[in-house]
Amino acid sequence: SLEPTSPTDSPAPKMDYVKVLIAIKLDAFPSETGWMITDSEGNVIQSVSFYTYAGEGTIYEEVTLVADLNYKFTLLDSYGDGMSFSGHVFLFLGDKVDSTKILGYYQNYDYEFSYDILFQASNEGILTNVFPTSVPTTTVVPSFLPSSFPSLEPTSPTDSPAPKMDYVKVLIAIKLDAFPSETGW
């Protein structure tokens, strides 16, 4: 037949979406902080530019992403000195802080202009056996860096369950004298 054919009425593939909560504890120079999320092809999905944030504290940003895809969260610092010791970033699956749904995190301060966190937006992307020194809360508690960080590399599953471990949070307060550089612990 020479009749023109009409496009098929097949529906577009169904996409599932998930929410990811970004928690950033800003340092004393919040206006230097920016970030972006890119997909595996480098397309910017969402971003926040420098000079957006003002004032120290933890900010929460929620993004909606296509489920089961790989993404890159890039933390940016306009001055090039990273965050101070007080700053950190957590990515949570869902729309609330949940220490059992961490997709990625960064608790160091020395990243210069940018630092990348690779993550998958799904339950399979949740990091296991990760015990960050602090998870954002509504109260401000100083956090101190561990001597080493857990690997973010995927591990192969094992048949034996991980041992249950109990943890306690310890707050160390040191009142410094007029010569703080002479103090160590």
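Residues numbered from 1 in each chain as written. Predicted model: local features only at pLDDT ≥ 70, side-chain atom pairs only at ≥ 80, totals over all residues. Heavy atoms only, no water.

1. A short note on the side chain of glutamate 32
Line of reasoning, step 1. Along the polypeptide, glutamate 32 turns up in the loop between strand S1 (17–26) and strand S2 (33–39).
Line of reasoning, step 2. It is lysine 25 that comes nearest to the buried, bridge-free glutamate 32 among opposite-charge side chains, at 16 Å.
Line of reasoning, step 3. Setting aside residues up to four positions removed in sequence, glutamate 32 forms contacts with Phe50, Leu76, Asp77, Ser78, Tyr79 and Asp81. (Helix = DSSP H or I, 4+ residues; strand = E, 2+ residues; numbered from the N terminus. Buried < 20%, exposed > 50% of the residue type's maximum accessible area, 1.4 Å probe, protein only. Lys, Arg positive; Asp, Glu negative; His and termini not counted. Salt bridge = Lys/Arg side-chain N within 4 Å of Asp/Glu carboxyl O. Contact = heavy atoms within 4.5 Å.)

2. Quick notes on the packing of aromatic side chains
Line of reasoning, step 1. Summed over all chains, the structure comprises 5 aromatic pairs.
Line of reasoning, step 2. With a centroid separation of 5.6 Å and 25° between ring planes, the pair formed by tryptophan 35 and phenylalanine 73 is classed as stacked. Separated by 38 residues along the polypeptide, tryptophan 35 in strand S2 and phenylalanine 73 in strand S5 (residues 70–77) bring together distant segments of the chain. For the pair shown, tryptophan 35 and phenylalanine 73 are each scored as buried.
Line of reasoning, step 3. An aromatic cluster of at least three residues, connected via ring pairs, comprises Phe90, Phe92 and Tyr105. (Phe/Tyr/Trp six-rings, centres within 6.5 Å; stacked < 30°, edge-to-face > 60°.)

3. Things to note about the side chain of aspartate 27
Line of reasoning, step 1. With respect to the helices, strands and loops of the structure, aspartate 27 is situated in the loop between S1 and S2.
Line of reasoning, step 2. Look at aspartate 27: it is buried, it has no salt bridge, and the nearest opposite charge is lysine 25 at 11 Å.
Line of reasoning, step 3. Polar contacts involving the side chain of aspartate 27 include one to the main-chain amide nitrogen of phenylalanine 29, which spans 2.9 Å.
Line of reasoning, step 4. Leave out the neighbours within four places in its chain, and aspartate 27 touches Glu56, Gly82, Met83, Ser84 and Ser86. (Polar contact = N/O pair within 3.5 Å; in protein donor to acceptor, adjacent residues only side chain to side chain.)

4. Some remarks on the pairing of S1
Line of reasoning, step 1. Most of S1 is tucked away, with 8 of its 10 residues classed as buried.
Line of reasoning, step 2. The pairing of S1 with strand S6 (residues 88–93) spans 6 bridges and is classified as antiparallel. Paired with leucine 21 across the two strands is phenylalanine 92, which belongs to S6. (Pairing = 2+ DSSP bridges.)

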